[in-house]
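Architecture and fold: a report
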Amino acid sequence: MNNSSQTKAWQQGQRTISMEYVAAQAQWDLIVVGGGITGAGIYREAARLGYKVLLVEQQDFAWGTSSRSSKMVHGGLRYLASGQFGLARDSVRERQRLMEELPGLVDPLAFMMGHYRGKFPGPWIFGKLLAIYDWMAGKHYRRKLKTALSEFWVPGIATSELEAISGFFDAVTDDARLVMRVLQAGNTNGGIALNYARAQSLLEQQGEVKGIVLEDLQSGQTLSLRAKHVVNATGAWSDQLRQQLGQHQVIRPLRGSHLVVPFWRLPVGGSVSFMHPEDKRPVFVFPWEGATVIGTTDLDHQDGLDHEAAISDDEVSYLLDAANGQFPEANVSRDDVIATWAGVRPVVSKHKDQSASDAAHKPSDEKREHAIWQDRGMISVAGGKLTTYRLIADEVLAKTGLNTQATRAVLSARTFSEAQQLEDPRLSVAQRKRLQGRYGVGIQASITLANDSELKRVGNTDTLWWELKWACENESVQHLDDLLLRRTRIGLLLPQGGSALHDVFKERCGAYLKWNAGQWDAEWQRYQRIIARYYGLPGAAQ
């Protein structure tokens, strides 16, 4: 099968071809387990080096942490403040790279922090940190904002004892779409990526891991697949495969939760960072996809990992208290919340005996660097940041021996092909930039053929109906939540996941996916259960 056919095999409706191709391979150069940003990055880099690579994900692509992050592509100012200079430097450089290669998907976002009399951090020390931050980026982003302008940038911000406002820039993204762009690049180079395909167990030969037993969760088919190298990039789930090889638990799952409210209820001109009045943790309020997000929490995730993470009642109160403390006249309440999301960070604990020591060490004390292990030939990677996924991928490939001195010139080249300028007079400049960033090369023909109704917005979001059609036809959509929660973010931006548009969704998306009435009804019910249980306020599913 040539590269074009392999890419087509990834599309909706071509799953059988893809599985037949996978089953026919005598041996893969690399099998990557995990379809989040880290696994996608390893997959993409190996594919562009010309290796035969397969990625498998037991849920949907980006189903875990990589669709539920804080959406920030940043240098990690907090890492600089805590002395993690290497992580901060690498993050700043990768942030710059992503903004240059993916405008419309990774875009600059203004950040602001108010400095209050007698409270940490003061404007002088914060300014010094920002100076180092800009030096790492090679650009001058920092600035001091006049407090008199606060009503323009951040209307309603607390002004009592406000001495100064520091401004700087990082970047914001749609994390799930970033994963899809990375996977798309790997597909273009001949890789195969499968969602809803579980690594059931590991295959060993002479004490070394040499493959996996793969279960296709859509058909129930089981395959034994051989590979020269197996990489475990399952994030918070990393311990599950490693424990098959006798290793102990090293991942401390930490939950970070967020609230989404209408932009008009809490309008901000950028991300406002501040310390929570209760525990002095850094929290933020920022604009995203036409709404406003309040985040984030940081606490041990005690629930199992077999189900999606969900925000707790205490976390809702904590985030509302944060927003109303910084914006005392806003009076944001639970009635204003459109949606919530919660993600589990795969933090590598510095404590060997987690059960005895985690309770004594605050989650915010844990470092956020990634770690790599080699267990009987299987390489596992966990931790790290969305921003530095490419560097982590290259480091993993170096451990396998696939990334050699001769290949590093290839890996240092741009990750994403420069897209041709999208042309269509029906789209604004901002819409063309957005579509190019999120969907990459090859969309011009589809846009040209789109009728006028497909280029209309879905509800009051910036998402076009064409985007749903494209995802259904090209991005391995297996369930409705794949489409409305990850390929697009409709489920986070419209009340009750967009239930008011049910009839339009049924007419359009049912046709795109070729579902009959029974399939559609089953998928809609599944989607509504997921929205109520995992993306709404606690108790909404009862």
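Residues numbered from 1 in each chain as written. Predicted model: local features only at pLDDT ≥ 70, side-chain atom pairs only at ≥ 80, totals over all residues. Heavy atoms only, no water.

If you tally the helices and strands in the chain, you get 20 helices and 18 strands. Relative to a compact globule of 542 residues, whose C-alpha radius of gyration would be 24 Å, the chain shows 23 Å and is just as compact. Considering only C-alpha atoms, the chain reaches an extent of 70 × 55 × 50 Å along its principal axes. A burial count over the chain gives 59% of its 542 residues as buried. Looking at the chain as shown, the accessible area adds up to about 22,100 Å², and 50% of this sits on carbon and sulfur atoms. For the chain, the distance from the average site of its 62 positive side-chain charges to the average site of its 60 negative ones is 5 Å. (Helix = DSSP H or I, 4+ residues; strand = E, 2+ residues; numbered from the N terminus. Rg over C-alpha atoms; globule rule 2.2 N^0.38 Å. Buried < 20%, exposed > 50% of the residue type's maximum accessible area, 1.4 Å probe, protein only. Areas by Shrake-Rupley, 256 points an atom, 1.4 Å probe, with all protein chains shown as cover. Lys, Arg positive; Asp, Glu negative; His and termini not counted. Charge placed at Lys NZ, Arg CZ, Asp CG, Glu CD.)

Following the sequence through the fold, Gly 246 ends up in the loop between helix H9 (238-243) and strand E11 (251-262). In the structure, Gly 246 is positioned 107 residues away from Lys 139 in sequence and 48 Å away in space, judged by C-alpha atoms.

Another point: unusual backbone geometry. At the junction of Phe 120 and Pro 121, the peptide bond is cis and its omega measures out at -5° in the coordinates. Relative to the helices and strands, Pro 121 is located in the loop between strand E4 (107-116) and helix H6 (123-137). Put simply, Gly 295 and Thr 296 share a cis peptide bond, and its omega is -5°. With respect to the helices, strands and loops of the structure, Thr 296 is situated in the loop between strand E14 (291-295) and strand E15 (299-300). The backbone phi angle of Asn 331 is positive, close to 55°, even though this residue is not glycine. Relative to the elements of secondary structure, Asn 331 occurs in the loop between helix H10 (313-326) and strand E16 (339-348). Asn 331 gets classed as exposed once you look at its relative accessible area, which sits at 56%.

Taken together, the side chains of Phe 120, Trp 124 and Ile 125 make up a nonpolar region of the molecular surface, amounting to roughly 420 Å² of accessible area. Note that Trp 124 resides in helix H6. (Patch = residues over 30% accessible without salt bridge, like charges linked within 9 Å, V, L, I, M, F, W, Y side chains within 5 Å. Salt bridge = Lys/Arg side-chain N within 4 Å of Asp/Glu carboxyl O.)

This next bit is on the pattern of salt bridges. For the coordinates displayed, the defined rule picks out 36 salt bridges. With a closest N to O distance of 2.7 Å, Asp 300 and Arg 252 form a salt bridge. Linking Asp 300 in strand E15 with Arg 252 in strand E11, this pair joins segments that are 48 residues apart in sequence. Each of Asp 60, Asp 481, Asp 482, Arg 486, Arg 487 and Arg 526 takes part in one network of salt bridges that share partners.

Attention shifts here to the nonpolar core. Ranked by internal contacts, the top residues of the largest apolar core, which has 94 residues, are Leu 30, Ile 42, Leu 183, Leu 483 and Phe 505. Residue contacts for Ile 42: discarding those within four places in its chain leaves Leu 30, Val 32, Val 231, Ala 233, Val 381, Ala 393, Val 396 and Leu 397. (Core = buried A, V, L, I, M, F, W, Y, C linked by side-chain atoms within 4.5 Å. Contact = heavy atoms within 4.5 Å.)

Time to look at helix H14 (residues 429-439). Inspection of H14 places Arg 432, Arg 434, Leu 435, Gln 436, Gly 437, Arg 438 and Tyr 439 among the buried residues, and these make up the whole buried set. If you follow the buried residues of H14, they end up packed against helix H8 (175-188), helix H15 (444-449), helix H16 (465-474) and helix H17 (480-487). Gly 440, located one to two residues past H14, shows a positive phi value of around 75°.

Summarising burial for strand E1 (residues 28-33): 6 of the 6 residues are buried, a large majority. Of the pairings in the sheet, the one linking E1 to strand E10 (residues 222-232) comprises 5 bridges and is parallel in character. The residue bridging Val 32 from the neighbouring strand is Val 231, located in E10. Sheet analysis places E1 next to strand E2 (residues 53-57), joined by 4 bridges and oriented parallel. Paired with Val 32 across the strands is Leu 55, a residue of E2. With helix H3 (residues 37-48) bridging E1 and the parallel E2, this β-α-β connection has right-handed handedness. (Pairing = 2+ DSSP bridges. Right-handed = clockwise from strand over helix to strand, strands pointing away.)

In this section: the environment of Lys 144. In this fold, Lys 144 is placed in strand E5 (residues 143-145). Classification of Lys 144 as exposed rests on a relative accessible area of 73%. When the C-alpha positions of Lys 144 and Gln 205 are compared, they lie 61 Å apart, and in sequence the two are 61 residues distant.

Counted under the stated rule, the structure contains 15 aromatic pairs. Between the aromatic rings of Trp 520 and Trp 524, the centroid separation amounts to 6.0 Å while the plane-to-plane angle is 20°, which identifies the pairing as stacked. Of this pair, Trp 520 and Trp 524 are both found in helix H20 (residues 517-534), 4 residues apart, which corresponds to roughly one turn of the helix. On the accessibility criterion, Trp 520 (1% relative accessible area) is buried. Aromatic rings pair up to connect Trp 465, Phe 505, Trp 515, Trp 520, Trp 524 and Tyr 527 into one cluster. (Phe/Tyr/Trp six-rings, centres within 6.5 Å; stacked < 30°, edge-to-face > 60°.)

Remark: helix H5 (residues 85-101) packs on helix H12 (residues 389-400), axes separated minimally by 9 Å, with the N-to-C direction vectors making an angle of 110°. Between H5 and H12, the angle falls in the class roughly perpendicular. Each of Asp 90, Glu 94, Arg 97 and Leu 98 in H5 lies in contact with H12, whose residues at this interface are Tyr 389, Arg 390 and Leu 391. Per-class residue counts for the contact of H5 with H12 are 3 nonpolar, no polar and 4 charged. (Axes fitted to C-alpha atoms, helices over the stretch in contact; angles between N-to-C directions. Parallel < 35°, antiparallel > 145°, perpendicular 65-115°, else oblique. Nonpolar A, V, L, I, M, F, W, Y, C, P; charged D, E, K, R; others polar.)

Right, let's talk about the confidence of the model for the chain for a bit. Mean pLDDT over the chain works out to 90, with 92% of the residues at or above the 70 mark. Every residue in residues 1-8 scores below 50 in pLDDT, and together they form 14 contacts with partners more than four places removed in sequence or on other chains. Contacts from residues 352-357, a stretch scored under 50 in pLDDT, to residues over four places away or in other chains number 8 contacts. (pLDDT = per-residue confidence, 0-100.)

Turning to H20, a few remarks are in order. A rise of 1.5 Å per residue sets the reference length of H20, with its 18 residues, at 26 Å; its end C-alpha atoms lie 26 Å apart and thus fit the reference within 8%. The set of residues buried in H20 consists of Trp 520, Glu 523, Trp 524, Tyr 527, Ile 530, Ile 531 and Tyr 534. The buried residues of H20 occupy an angular sector of 130° when the element is viewed end-on, so they sit on one face. Contacts from the buried residues of H20 go to E16, H17, helix H18 (490-493) and helix H19 (502-513). (Expected span 1.5 Å × (residues − 1). Arc of directions from axis to C-beta.)

Here we take up the packing of H19 against H20. Axis separation between H19 and H20 bottoms out at 11 Å; the angle between their running directions is 130°. Between H19 and H20, the interaxial angle falls into the category oblique. Handedness of the crossing formed by H19 with H20: right-handed. Along its contact with H19, which presents His 502, Phe 505, Lys 506, Cys 509 and Gly 510, the element H20 presents Trp 520, Asp 521 and Trp 524. (Left-handed = near helix turned anticlockwise from the far one by under 90°.)

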